[in-house]
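# Structural overview for review
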Number of protein chains: 2
Amino acid sequence: MSRTDSATEDPRRARSREAMVGAAMRLLASAGPGAVTPARVAAEAGVHRATAYRLWPDADKLLAEVMAETELPFLRDPVTPVRAWLRGCLRELADDLATPLSRSTTTTLMQTALHDARVATRRDALTDTLRARIDAAQNVAVAEGELVDRQDPDHLVAMLVGPLLYRTTLEAATVDDTLIDHLIDRAFPSPSTTGHKR
Amino acid sequence: MSRTDSATEDPRRARSREAMVGAAMRLLASAGPGAVTPARVAAEAGVHRATAYRLWPDADKLLAEVMAETELPFLRDPVTPVRAWLRGCLRELADDLATPLSRSTTTTLMQTALHDARVATRRDALTDTLRARIDAAQNVAVAEGELVDRQDPDHLVAMLVGPLLYRTTLEAATVDDTLIDHLIDRAFPSPSTTGHKR
DNA sequence: GATTTCTGCGACAGGTTGACGCACAAACCT
DNA sequence: AGGTTTGTGCGTCAACCTGTCGCAGAAATC
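These figures come from a predicted structure and were not determined experimentally.

## What to know about the overall build of chain A
- A tally of helices and strands in chain A yields 9 helices and 0 strands.
- The N-to-C order of helical and strand elements in chain A reads α-α-α-α-α-α-α-α-α.
- The C-alpha radius of gyration of chain A comes to 21 Å, more than 25% above the 16 Å expected for a compact globule of 198 residues.
- When its C-alpha atoms are laid out on the principal axes, chain A stretches across 65 × 40 × 25 Å.
- By the burial criterion, 48% of the 198 residues in chain A qualify as buried.

So, in structure tokens, the structure goes:
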């Protein structure tokens, strides 16, 4: 073949793609997934409409790519004491979920995954990651003696992250530190904290 | 005015409206909110396209009306013992949330409420109802001596319903009875159940 | 039975969607 | 540097979808 065997991307193509993905994220955050259409994204990105069809020939893969780009830099590398580390991580996660962009991506992910197998795969990958990280933290806590008995990771992640999701996504509210403390006390009962809290 | 001063609705109009709302719910459940468009709903309902515009002149109010019709017949009238009653209610709620229609309406509600004030009002009304009911149950439990200290209703509803939402809507999974038991044990600590459970 | 009201139907302009060919600029390769 | 490849901007195009309208016929009301 001619030259670049897909080792590196043409800078012009990269620029356009980058600009359009950014524009798509802005539009998603400000006007919802219905606004993420080739025409609007191209206009927002300052790019010609035809370019959108050239980079994403199959229309709505654009939205899928946007959501595939969102990573979750949370709950990585558990550190002792696990409880304090977890408190910080949940704090960050809750703050991120309260972001307009995060709210939009989360609800869009849940929504479109219901009828789009590709997005469903992405959603499952994200929840799997989250569950695995929580479970890893739990294992560290048990090894360090901070936690007496392991729990079903499915239950644990639901009890820890579920309330954050409820507050931010359904109630459109914020999460205060007290709730996070409660969550950890309840879902992550320590040998010392037996009864109800302070 | 001529005859019916809006006391009763013309049966033909009622039939059309009913058929279209049903069709809209079916479409919402099977193909997402993007499919709930006047043309598709009319076709699904076996009604002419123009009729859609006659009944809902302002286009997308149809979807709003569909979501406004969804009631939540859960957690009403707390009964003692509150813990057992609550277990049953959360079981019903979790089963309902796992329904395709409920999944779609829930995610659509969260999604569109972000950029539609009318739907946001509806969402707030629903969460307010849920919170009030949980709080009422809590008060009954305290009065009956099943619960020692009241909690912030915001926290309580998040800790009880959040995990169900996480499991059904984000993980697209079901909720087993063990999780519900854990939730109640943790979020609704009884005087007898002090430490960790059985 | 007379009148009002709703629906089905076809038609209409307006806008949007993808696709195309072309010219030009940018990046690559030697 | 010069030649070549590659991507973009631009205008155009048919096809589709949207929202609106007037009209005729059926259904409901009085």
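## Brief notes about the relation of the copies chain B and chain A
- Take chain B, turn it by 180 degrees, move it 0.0 Å along the axis, and it overlays chain A with an RMSD of 0.1 Å. The transformation just described matches what one would write down for a two-fold rotation axis. If distances are taken from each C-alpha of chain B to the rotation axis, the shortest is found for Gly162 of chain B, at 2.1 Å.
- A shared binding surface is used by both copies, with 100% of the interface residues of chain B retained as interface residues in chain A.

## A closer look at the side chain of Thr168 of chain B
- As for its placement among the helices and strands, Thr168 of chain B is situated in helix α8 (residues 153-170).
- Beyond its immediate stretch of four places on either side in the chain, Thr168 of chain B contacts Ala94, Leu97, Ala98, Arg103, Ala173 and Val175 of chain B.

## Description of unusual backbone geometry
Residues and elements named next belong to chain A.
- Here Thr80 and Pro81 are connected by a cis peptide whose omega angle stands at 0 degrees.
- Relative to the elements of secondary structure, Pro81 occurs in the loop between α4 (61-69) and α5 (82-97).
- With phi around 65 degrees, Leu75 is a residue other than glycine that occupies positive phi space.
- Note that Leu75 resides in the loop between α4 and α5.
- For Leu75, a relative accessible area of 3% gives the class buried.

## Some points on the packing of helix α1 (residues 11-31) of chain A against helix α2 (residues 38-45) of chain A
Residue and element names in this part refer to chain A.
- Following both chains from N to C, one finds α1 and α2 inclined at 110 degrees, their axes separated by 8 Å at the closest point. Comparing their axes, α2 and α1 come out roughly perpendicular. Of the two possible hands of crossing, α1 and α2 adopt the one that is right-handed. Note on element contacts: α2 touches α1 through Arg40, Val41, Ala42, Glu44 and Ala45, opposite Ala19, Met20, Ala23, Ala24, Arg26 and Leu27.

## Re the packing of aromatic side chains
- For the structure on display, the rule yields 0 aromatic pairs over all chains.
- The ring of Trp56 of chain A is capped by Arg17 of chain A, whose NZ or CZ atom sits 5.5 Å from the centre of that ring.

## Focus: the interface of chain B and chain A
- The interface of chain B with chain A comprises 48 residues on the first partner and 48 residues on the second.
- Both faces considered, chain B and chain A share a buried interface measuring about 4,000 Å² in area, 64% of it formed by carbon and sulfur atoms.
- When residues of chain B are sorted by the area they lose upon contact with chain A, Tyr166, Leu170 and Arg186 of chain B head the list and together hold 17% of the total.
- Between chain B and chain A we count 4 salt bridges in total.
- The closest approach of N and O atoms between Glu171 of chain B and Arg131 of chain A, which form a salt bridge, is 3.0 Å.
- Summed over the shared surface of chain B and chain A, the result is 13 residue pairs in polar contact (both at pLDDT 80 or more).

## What to know about the domain arrangement of chain A
All names here are of chain A.
- Structurally, chain A comprises domain 1 (11-68) and domain 2 (71-187).
- Computed over C-alpha atoms only, the centres of domain 1 and domain 2 are separated by 29 Å.
- With 9 residues of domain 1 at the contact, the number on the domain 2 side is 11 residues.
- Where domain 1 abuts domain 2, roughly 850 Å² becomes buried across the two surfaces, and 73% of that area is made up of carbon and sulfur atoms.
- It is Leu28, Ala29 and Met67 that lose the most area in domain 1 upon contact with domain 2, and together they represent 53% of the buried surface on that side.
- Where domain 1 meets domain 2, there are 0 salt bridges.
- Summed over the shared surface of domain 1 and domain 2, the result is 2 residue pairs in polar contact (both at pLDDT 80 or more).
- When contributions to the side of domain 1 that touches domain 2 are tallied by element, the ones reaching two or more residues are α1 and α4.

## Notes on the pattern of salt bridges
- If you walk through the whole model with that rule in mind, you get 32 salt bridges over all chains.
- Between Arg167 of chain B and Asp154 of chain A there is a salt bridge, with its nearest N and O atoms 3.7 Å apart. Within this pair, whereas Arg167 of chain B is found in helix α8, its partner Asp154 of chain A is found in helix α8 (residues 153-170), the two belonging to separate chains.
- Assessed through its relative accessible area of 11%, Arg167 of chain B is described here as buried.
- Taking the relative accessible area as the measure of exposure, Asp154 of chain A reaches 23% and is therefore partly exposed.

Conventions we followed
Residues numbered from 1 in each chain as written. Chains lettered and ligands numbered in written order. Predicted model: local features only at pLDDT ≥ 70, side-chain atom pairs only at ≥ 80, totals over all residues. Heavy atoms only, no water. Helix = DSSP H or I, 4+ residues; strand = E, 2+ residues; numbered from the N terminus. Rg over C-alpha atoms; globule rule 2.2 N^0.38 Å. Buried < 20%, exposed > 50% of the residue type's maximum accessible area, 1.4 Å probe, protein only. Least-squares fit on C-alpha atoms with pLDDT ≥ 70 in both. Contact = heavy atoms within 4.5 Å. Axes fitted to C-alpha atoms, helices over the stretch in contact; angles between N-to-C directions. Parallel < 35°, antiparallel > 145°, perpendicular 65-115°, else oblique. Left-handed = near helix turned anticlockwise from the far one by under 90°. Phe/Tyr/Trp six-rings, centres within 6.5 Å; stacked < 30°, edge-to-face > 60°. Lys NZ or Arg CZ within 6 Å of the ring centre and 35° of its normal. Buried area = accessible area lost by both parts, 1.4 Å probe. Salt bridge = Lys/Arg side-chain N within 4 Å of Asp/Glu carboxyl O. Polar contact = N/O pair within 3.5 Å; in protein donor to acceptor, adjacent residues only side chain to side chain. Domains from an automatic or database assignment.

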